[in-house]
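Remarks on the overall topology
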Amino acid sequence: MATLRQMNTASTSATTEAEAARDRMIARLRELGALHSPAVAEAFRSVPRHAFTCDAALDQAYAAETSVVTKRDAAGAALSSVSAPRVQALMLEQAGVEAGMRCLEIGSGGYNAALLAELVGTDGEVTTLDIDAEITGRARRLLDEAGYTRVNVVCADGDAGAPAHAPFDRIIATAGAWDIPPAWIDQLTPGGRIVVPLRVRGLTRSVVFEREGDRLVSRDLQSCGFVPMLGAGAHPVRLAALHEDGDAAVALRLDEDERVDTGLLSAALASPPAAVWSGVEIGGEEPFDGLDLWLACTSGPAFALMVATKAARAAGLVASASPVGVAALVDGASFAYRTVRPAQAADAYEFGARAHGPDGSSLAARLADRIREWDRGHRHGPGPVLQVHPAGTPDDRLPSSDLVVDKTHTRITISWP
Ligand SMILES: C[S@@+](CC[C@H](N)C(=O)[O-])C[C@H]1O[C@@H](n2cnc3c(N)ncnc32)[C@H](O)[C@@H]1O
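Residues numbered from 1 in each chain as written. Predicted model: local features only at pLDDT ≥ 70, side-chain atom pairs only at ≥ 80, totals over all residues. Heavy atoms only, no water.

Our next topic: the environment of P48. Its location among the elements puts P48 in the loop between α2 (38-46) and α3 (58-61). Judged by its relative accessible area of 21%, P48 is partly exposed. The residues contacting P48, other than those within four sequence positions of it, are R22 and Y62. (Helix = DSSP H or I, 4+ residues; strand = E, 2+ residues; numbered from the N terminus. Buried < 20%, exposed > 50% of the residue type's maximum accessible area, 1.4 Å probe, protein only. Contact = heavy atoms within 4.5 Å.)

Here you go:
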């Protein structure tokens with residue numbers, strides 16, 4: 001049996017190890033550009049993340065870019081997780097939470113609510129809400145054990161917000177949303193902010209919106225991935241399977257109202273591809289999050305994300321094996337998708353388009369043109385501005401934009417300055 005002195009020494013060294021892991025995580029978040037304000041860094045330093053990640057080893061709990069899954073469905077898909085610190089940091093920076101604010105978090109894990117509690121301090125209030133009672137039970141227990149007893153934990157569908165605790169200066173959704181429910185706007189203070197992983201045409205971006213009268217206007221967008229929102233706001237992506245043979249699978253992910261003829265496109269995939277190269281090059285480490293969003297905004301009515309397995313690429317069916325999907329244009333019996341090939345410079349790639357079907361060549365040329373336009377006009381620009389208007393807003397009251405997306409409760413415009 002261990003003596004008290006041994007036990008005390010062991011727990012001190014565990015604390016020191018956790019603190020060291022926390023410091024490394026904070027340094028890495030700064031390196032990644034996800035963390036810059038002293039207040040958010042101090043919150044990350046104050047909250048013991050490993051107290052919310054249960055069985056995860058310390059290096060896993062504090063890995064800057066890794067989420068820790070806390071619940072899976074029968075097929076093994078993640079239903080809940082403690083999000084990756086990188087995503088939490090960038091969303092907290094987007095939110096700009098200040099002392100004394102009232103915050104609502106939609107989707108609970110406990111850890112992010114504790115970070116929010118540190119940021120708002122004793123004069124503020126944090127409410128965290130989850131649709132799953134097992135998750136709220138766990139969050140309540142872990143928050144209490146870590147000393148965050150003042151955080152309100154509510155089990156409900158976040159689609160309705162949390163009227164009993166409203167209004168909120170900040171609403172932070174931590175599940176992927178397809179629309180902005182009216183309750184969130186109703187429960188937001190004038191000048192308040194909503195930070196939400198919003199999906200438009202299959203692409204999810206963490207968007208920070210500020211309220212301007214009856215509309216929301218985006219201030220910043222960041223790439224991210226999240227488990228999808230369940231409940232009243234759920235809106236599953238549709239899959240058009242073009243090929244399925246053992247492990248080799250190719251499909252198009254379709255979001256809003258895009259309609260495609262799966263039979264014709266399956267036949268097209270079996271035909272020889274056409275390729276057009278854009279001459280636009282990119283370094284291996286350079287982000288290009290804006291490109292697919294640009295293509296989504298400027299590709300006409302049938303935009304999709306092409307997903308394929310490694311086996312499909314190895315079999316030569318497609319030139320990409322992205323599980324998330326690459327931008328694809330569909331026109332009748334043809335489709336084209338974004339691809340890359342190594343450029344002359346070391347660690348650089350050239351964007352291009354590969355296409356199948358009777359109009360494949362012209363579709364690939366169109367996609368390559370769009371890539372060149374992005375390179376000339378938007379690659380180094382501020383990125384798009386999204387505006388959220390109530391559904392039913394007539395066209396002539398919408399701002400001029402590159403794309404209008406009709407959701408259930410809202411009309412979202414996207415414009416590229
Ligand atoms: C990524 S986890 C939340 C992570 C958490 N914020 C943290 O501390 O890292 C997403 C959560 O959203 C929840 N969720 C999904 N749909 C929801 C809805 N309609 N209302 C409330 N919670 C929802 C899921 O049950 C899941 O626990």
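Moving on from the model shown.
Attention now goes to the site of the ligand. Around the ligand, 26 residues are found, and the nearest of them are S80, E105, D130, G158 and L230. Between an oxygen atom of the ligand and a main-chain N or O atom of N112, the distance comes to 3.2 Å. In isolation the ligand has 600 Å² of accessible area, and contact with the protein removes 99% of it. Where the shell around the ligand is concerned, the elements lending two or more residues are β2 (78-82), β3 (102-106), α5 (111-120) and β4 (125-130). Partitioning the shell around the ligand into residue classes produces twelve nonpolar, eleven polar and three charged. (Near = heavy atom within 4 Å. Polar contact = N/O pair within 3.5 Å; in protein donor to acceptor, adjacent residues only side chain to side chain. Areas by Shrake-Rupley, 256 points an atom, 1.4 Å probe, with all protein chains shown as cover. Nonpolar A, V, L, I, M, F, W, Y, C, P; charged D, E, K, R; others polar.)

Looking at the assigned domains, one finds that the chain contains domain 1 (31-233) and domain 2 (238-377). The centre of domain 1, based on its C-alpha atoms, is set 33 Å off from the matching centre of domain 2. Counting from both sides, the interface comprises nine residues of domain 1 and, opposite them, 13 residues of domain 2. When the two sides are added together, the surface that domain 1 and domain 2 hide from each other amounts to roughly 990 Å², 49% of it contributed by carbon and sulfur. The largest contributions to the domain 1 side of the interface with domain 2 come from R201, L203 and R205, which together make up 63% of the buried area. (Domains from an automatic or database assignment. Buried area = accessible area lost by both parts, 1.4 Å probe.)

This next bit is on unusual backbone geometry. In most cases, non-glycine residues show a negative phi, while peptide bonds are predominantly trans. Along the chain, A166 connects to P167 via a cis peptide bond; the corresponding omega equals 5°. With a phi angle near 50°, R201 is a residue other than glycine that sits in the positive phi range. For R201, the position within the fold is in the loop between β7 (188-200) and β8 (203-212). Overall, R201 belongs to the buried group, its relative accessible area being 9%.

In this section: the nonpolar core. I180, W184, I194, V196, L198 and F209 are the most contacted members of the largest nonpolar core, which totals 51 residues. If one sorts the elements of this core by residue count, helix α9 (residues 289-298) sits on top with six residues. Residues lining this core come from more than one domain, with at least three contributed by each of domain 1 (31-233) and domain 2 (238-377). Sequence-distant contacts of F209, that is, excluding residues within four places in its chain, are made with I180, G192, R193, I194, V196, L198, L216, V217, S218, L386 and V388. In this structure, A34, A43, F44 and Y62 belong to the second largest nonpolar core, which totals 45 residues. (Core = buried A, V, L, I, M, F, W, Y, C linked by side-chain atoms within 4.5 Å.)

Quick look at the packing of aromatic side chains now. On inspection of all chains with the given rule, the structure shows six aromatic pairs. Plain terms: the ring middles of W294 and W416 are 5.4 Å apart, the flat faces sit at 85° to each other, and that makes the pair edge-to-face. Here the residue W294 occupies a position in helix α9, and W416 occupies one in the segment after β19 (410-415), the gap between them amounting to 122 residues. One exposure class covers both W294 and W416, and it is buried. Aromatic side chains F335 and Y337 sit 6.3 Å apart centroid to centroid with 25° between the ring planes, which places their arrangement in the stacked category. Side by side, F335 and Y337 carry an identical accessibility label, which is buried. (Phe/Tyr/Trp six-rings, centres within 6.5 Å; stacked < 30°, edge-to-face > 60°.)

With that out of the way, let us pick up the pattern of salt bridges. This structure, assessed with the given rule, holds 25 salt bridges. Across the salt bridge formed by D395 and R411, the nearest N and O atoms sit 2.7 Å from each other. Placement of the pair is D395 in the loop between β17 (385-390) and β18 (403-406) and R411 in strand β19, with a sequence separation of 16 residues. A residue is classified by how much of its surface remains accessible, and D395, at 56% relative accessible area, is exposed. (Salt bridge = Lys/Arg side-chain N within 4 Å of Asp/Glu carboxyl O.)

Turning next to the sheet that holds strand β11 (residues 248-254). An order of β10-β11-β13-β14-β15-β16-β12 is seen for the seven strands of this open sheet, with the pairing classed as antiparallel. Pairing within the sheet leaves two strands with one partner each, and these edge strands are β10 (238-245) and β12 (274-283). Going across the sheet, the axis of each strand differs from the next one's by a mean of 30°, ignoring polarity. Against the sheet, helix α8 (residues 262-269) engages β10, β11, β14 (326-331), β15 (334-342) and β16 (348-356), with an angle of about 40° to β10. (Pairing = 2+ DSSP bridges. Axes fitted to C-alpha atoms, helices over the stretch in contact; angles between N-to-C directions.)

The sheet built from ten strands is open, its strands ordered β5-β4-β3-β6-β7-β8-β9-β17-β19-β18 with mixed pairing. Whereas interior strands pair on both sides, the edge strands pair on one side only; in this sheet they are β5 (152-155) and β18. Between one strand axis and the next, the sheet turns by 20° as a mean value, whatever way the strands run. For β3 and β4, the ladder comprises five bridges, and the chain directions are parallel. The residue of β4 that forms the bridge with L104 is T127.

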